[in-house]
Amino acid sequence: MLAYGMKFEEESLVWLQNALSTLAEGFSSLPPNSSPSLDQAPMAAVLQETAIRLRENYPYFHPLYAGQMLKPPHPVARAAYALATWINPNNHALDGGRASSKMEIEAIQALATMFGWTAHLGHLTSGGTFANLEALWVAGQLHPGRTILASDQAHYTHHRISGVLRLPFDTVATDPRGRMDVNALETRIQKGDVGTVVVTMGTTALGAVDALPEILALRNRYGFRIHVDAAYGGYFTLVSNLDPDAADVFATLPAVDSIVIDPHKHGLQPYGCGCVLFQDPSVGRFYKHDSPYTYFTSDELHLGEISLECSRAGASAVALWATQRALPLTRGGEFAGMLQSCRSAALELYRRIHASAMFIAPIPPQLDIVVWAVRGDTPEESSARARAVFDAAARRNLHLALVHLPRSCFRENTWATTSGFAPSTTLVQCLRSVLMKSEHLAWIDAIWERIETAGQEILSAVDSAT
Ligand SMILES: *Cc1c(COP(=O)(O)O)cnc(C)c1O
């Protein structure tokens, strides 16, 4: 069964047990509350059954899972989250989450400071989608009826959210590296109906970073709101091994109006933990409402007053606070070093793929996501081979992902024939690897060896068939 002796970390169970005793001591003036007598055997049996059901997952926790944006939280986050569930605070209002609301405010403050903001308003959400919803909702309050623009590589959620908010939405084309085409943006803005531009710092497919400095220059000329979707890429502001283009973008980040970042992506948190930040705290006026049943204990800020969601997991704030305490958001710190390893792993994988005759890697990674095609005579053949390599890698325990790239991302002469498709509209199925675990760097030889042998298996099968 456990042929390789795979074992999960269990140290955090000891920390949790000790912390639980400390937590209980804080309530020692209460009379003991005999907990409902648990019939142990059936509970344990159900948990065994649960463990067996959970085995059906791909091994997201293992470095050989290098496919989608999935990884487990940091052990400290896991233990802090679990610890909080013995209280189960609700950060809707201070009554329901006295300690955890303060921890949320401190955690949010640290994120705003990371982005170079001195003033801010913000809170945690259930994830990036809801955080973006709040940012576009505020944008719509400020510019009612005006268009939201995002690139064609932006997360699909912006289109949907604009629909929910009944705001007009339009897309802007991207350049061959997946970044918003700034000339196309300017042409679109000249129509005069744009209220907000969504700038993606780290697209979900490619990790591409939109050219914020140029977009800020357009804002000075035309006047519009800038919302940054940094759900995936935001934490990369801490690293020192970005390419110069991306580094310039992160340097201008403080000038934007709102930012979304997902601690449950690169912030080592369990789902669901997103965050929305506004530079101008006065947007809090849009949230104002009266709810006398819940806001009666103090004059302090109630997070429920600046959030569209009502009940929110206090445990998420506790876990994020504990993680940031253990691994502060500082340049040159341990957490930054972990992200830097991810980026180094991506650069190294890109280098090897680029040097291989089997593959075509058209876009150097801007963050830690690598996308590449398999050689073939036509885009269709390359697509079919990508799917075959994906399966061959999985048989070697290496889990990759698949993504469609527009034909325009590749050089004109990549394929001899394009079998009748308009070259610019053909989509090519590619392999994609998100190297978001810091251990990926140490595993890069093991990962590459599997990619290479999977590629050889597929391409030699093709050769012997012809
Ligand atoms: C993941 C992601 C989202 C959506 O966030 P969820 O937390 O999955 O709801 C939005 N934008 C970008 C750029 C993302 O990577």
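What counts and what doesn't
- Here the residue numbers are simple positions, counted from 1 along each chain's written sequence.
- Local features in a predicted model are, by the rule used here, given only for residues with pLDDT of at least 70; side-chain atom pairs are given and counted only at 80 or more, and totals for whole chains, interfaces and linings are based on all residues.
- Side-chain descriptors were evaluated using all non-hydrogen atoms of the structure, hydrogens and water having been removed beforehand.
- Secondary structure follows DSSP: runs of H or I at least 4 residues long count as helices, runs of E at least 2 residues long count as strands, and numbering of each begins at the N terminus.
- Here the globule rule reads 2.2 Å times residues to the power 0.38, and the radius of gyration is calculated from C-alpha atoms.
- Each residue gets one of three labels from its accessible area relative to the maximum for its type: buried under 20%, exposed over 50%, partly exposed in between, using a 1.4 Å probe on protein chains only.
- Throughout, a residue-residue contact means that at least one pair of heavy atoms, one from each residue, lies within 4.5 Å.
- Surface exposure here means Shrake-Rupley accessible area, sampled with a 1.4 Å probe, where a residue is shielded only by the protein chains that are shown.
- Asp and Glu are treated as the negative residues and Lys and Arg as the positive ones, with His and the ends of the chain left uncounted.
- One atom stands in for each charge, and that atom is NZ of Lys, CZ of Arg, CG of Asp or CD of Glu.
- Strands are treated as partners if at least two bridges between them are detected by DSSP.
- Fitted lines through C-alpha atoms give the axes, limited to the stretch in contact for helices. The angle between two N-to-C directions lies from 0 to 180 degrees.
- One heavy atom within 4 Å of a molecule or strand is enough for the residue carrying it to be called near that molecule or strand.
- Polar contact criterion, stated in full: a pair of N or O atoms within 3.5 Å, where within protein one must be able to donate a hydrogen and the other to accept it, and residues adjacent in sequence count only if both atoms are side-chain atoms.
- Only Asp, Glu, Lys and Arg are considered charged in this grouping, and only Ala, Val, Leu, Ile, Met, Phe, Trp, Tyr, Cys and Pro are considered nonpolar; every other residue, Gly among them, is considered polar.
- By convention in these notes, a salt bridge is any Lys or Arg side-chain nitrogen within 4 Å of a carboxyl oxygen on Asp or Glu.
- Only centres within 6.5 Å qualify two rings of Phe, Tyr or Trp (six-membered ring in Trp) as a pair; their planes then separate them into stacked at under 30 degrees, edge-to-face at over 60, and tilted for everything else.
- By definition, the arc is the one covered by directions from the helix axis to the C-beta atoms.
- Residues enter a nonpolar core if they are buried and are Ala, Val, Leu, Ile, Met, Phe, Trp, Tyr or Cys, with the set joined through side-chain atoms within 4.5 Å.
- For the purposes of this description, domain bounds are those given by an automatic or database domain assignment.
- Two parts lose some accessible area (1.4 Å probe) when they are put together, and adding that loss for both gives the buried area.

Draft legend 1. The overall build of the chain, seen in detail. Helix and strand content of the chain: 13 helices and eleven strands. The C-alpha radius of gyration computed for the chain amounts to 24 Å, which stays within 12% of the reference 23 Å derived for 466 residues, consistent with globular compactness. Dimensions of the chain, computed from the C-alpha atoms along their principal axes, are close to 80 × 65 × 40 Å. Here the chain holds 466 residues, and the buried ones make up 50% of them. Nonlocal contacts in the chain, meaning residues at least 24 apart in sequence, comprise 75% of its contacts between residues at least 6 apart. Accessible surface, the chain as shown: approximately 22100 Å² in total, 56% of it carbon and sulfur. Across the chain, the mean location of the 36 positive side-chain charges is 2 Å away from that of the 45 negative side-chain charges.

Draft legend 2. Structural detail: the sheet that holds strand β2 (residues 147–151). Taken in spatial order, the seven strands make up an open sheet running β1-β7-β6-β5-β4-β2-β3, and their pairing is mixed. Each having just a single partner strand, β1 (121–125) and β3 (169–172) make up the two edges of the open sheet. Direction aside, neighbouring strands of the sheet carry axes that sit 20° apart on average. In terms of strand pairing, strand β5 (residues 225–229) meets strand β6 (residues 258–261) through three bridges, oriented parallel. Looking across to β6, one finds that V228 is bridged to I259. Packing of helix α5 (residues 128–142) onto the sheet brings it into contact with β1, β2, β4 (194–200), β5, β6 and β7 (274–278), and relative to β7 it is tilted by some 25°.

Draft legend 3. Structural view of the site of the ligand. Every one of the 13 residues lining the ligand counts as a neighbour, but G128, T129, D229, D262 and K265 are closest to it. One of the side-chain N or O atoms of D262 is found 2.6 Å from an oxygen atom in the ligand. Within the side chain of K265, a nitrogen or oxygen atom sits 2.9 Å from an oxygen atom of the ligand. Within the complex, 86% of the 380 Å² of free accessible area of the ligand lies under protein. The residue makeup of the shell around the ligand, split by class, is two nonpolar, eight polar and three charged.

Draft legend 4. Examining the pattern of salt bridges more closely. Scanning the model with the defined rule gives 18 salt bridges in all. One salt bridge connects E10 with K7, and the closest N-O pair in it is separated by 3.6 Å. Owing to a relative accessible area of 61%, K7 belongs among the exposed residues under this scheme. R188 is the partner of D170 in a salt bridge, and the nearest nitrogen-oxygen pair spans 2.7 Å.

Draft legend 5. Inspection of the packing of aromatic side chains at higher detail. Under the criterion given, the structure shown has eight aromatic pairs. Ring geometry for Y235 versus F335: centroids 5.3 Å apart, planes at 80°, classification edge-to-face. In this pair, Y235 sits in the loop between β5 and α9 (244–252) while F335 sits in helix α11 (residues 334–355), placing the two residues 100 residues apart along the sequence. Of the two residues, Y235 and F335, both sit in the buried class. For the pair F410 and W415, a centre-to-centre distance of 5.0 Å together with 65° between the ring planes defines the contact as edge-to-face. Of the residues examined, F410 reaches a relative accessible area of 6% and is grouped as buried. Overall, W415 belongs to the buried group, its relative accessible area being 3%. Chaining the aromatic ring pairs together yields one cluster made of Y58, Y60 and Y65.

Draft legend 6. Focus on the sheet that holds strand β8 (residues 359–360). Here four strands make up an open sheet; going across it, the order is β8-β9-β11-β10 and the pairing antiparallel. Looking at which strands have only one partner, the edges of the open sheet turn out to be β8 and β10 (401–406). The sheet contact formed by β10 and strand β11 (residues 427–434) spans six bridges and is antiparallel. Looking at β11, one finds that L402 is bridged to L431. Contacts between α11 and the sheet are confined to β8, β9 (369–374) and β11, with β9 contributing the most and set at about 15° to the helix.

Draft legend 7. Expanded view of helix α7 (residues 182–189). Every buried residue of α7 is accounted for by V182, L185, R188 and I189. Taken end-on, α7 shows its buried residues confined to a sector of 120°, consistent with a single buried face. Opposite the buried face of α7, at more than 90 degrees from it, the exposed residues are N183 and T187. Lining the buried residues of α7 we find β2, β3, β4 and α8 (212–222).

Draft legend 8. Quick look at the nonpolar core. Residues V197 and M201 are the most contacted members of the largest nonpolar core, which totals 71 residues. If you tally residues by element for this core, the top one is helix α4 (residues 98–114), at five residues. Setting aside its immediate chain neighbours within four residues, V197 contacts L149, M180, L185, I189, I215, F224, R225, I226 and H227. With 28 residues, the next largest nonpolar core counts V374, V389, L398 and L435 among its residues.

Draft legend 9. Layout of the side chain of S383. Of note, S383 is situated in helix α12 (residues 379–395). Beyond its immediate chain neighbours, meaning those up to four positions away, S383 contacts L427, V428 and Q429.

Draft legend 10. Examining the environment of K265 more closely. Turning to its location among the elements, K265 is positioned in the loop between β6 and β7. Distance from K265 to G234, taken between C-alpha atoms, is 9.8 Å for residues 31 residues apart in sequence. Other than its neighbours up to four places away in sequence, K265 contacts M69, K71, A231, Y232 and M436.

Draft legend 11. Expanded view of the domain arrangement of the chain. Its domain assignment divides the chain into domain 1 (84–288 + 298–326) and domain 2 (334–411 + 424–465). Look at where the C-alpha atoms of domain 1 and domain 2 centre, and you get two points 30 Å apart. On the side of domain 2, 24 residues touch domain 1, which itself brings 29 residues to the contact. A buried area of about 2200 Å², summed over both sides, lies between domain 1 and domain 2, and 62% of it is on carbon and sulfur atoms. Summed over the shared surface of domain 1 and domain 2, the result is zero salt bridges. The interface formed by domain 1 and domain 2 includes nine residue pairs in polar contact (both at pLDDT 80 or more). Partitioned by chemical class, the residues of the side of domain 1 that touches domain 2 number 14 nonpolar, ten polar and five charged.

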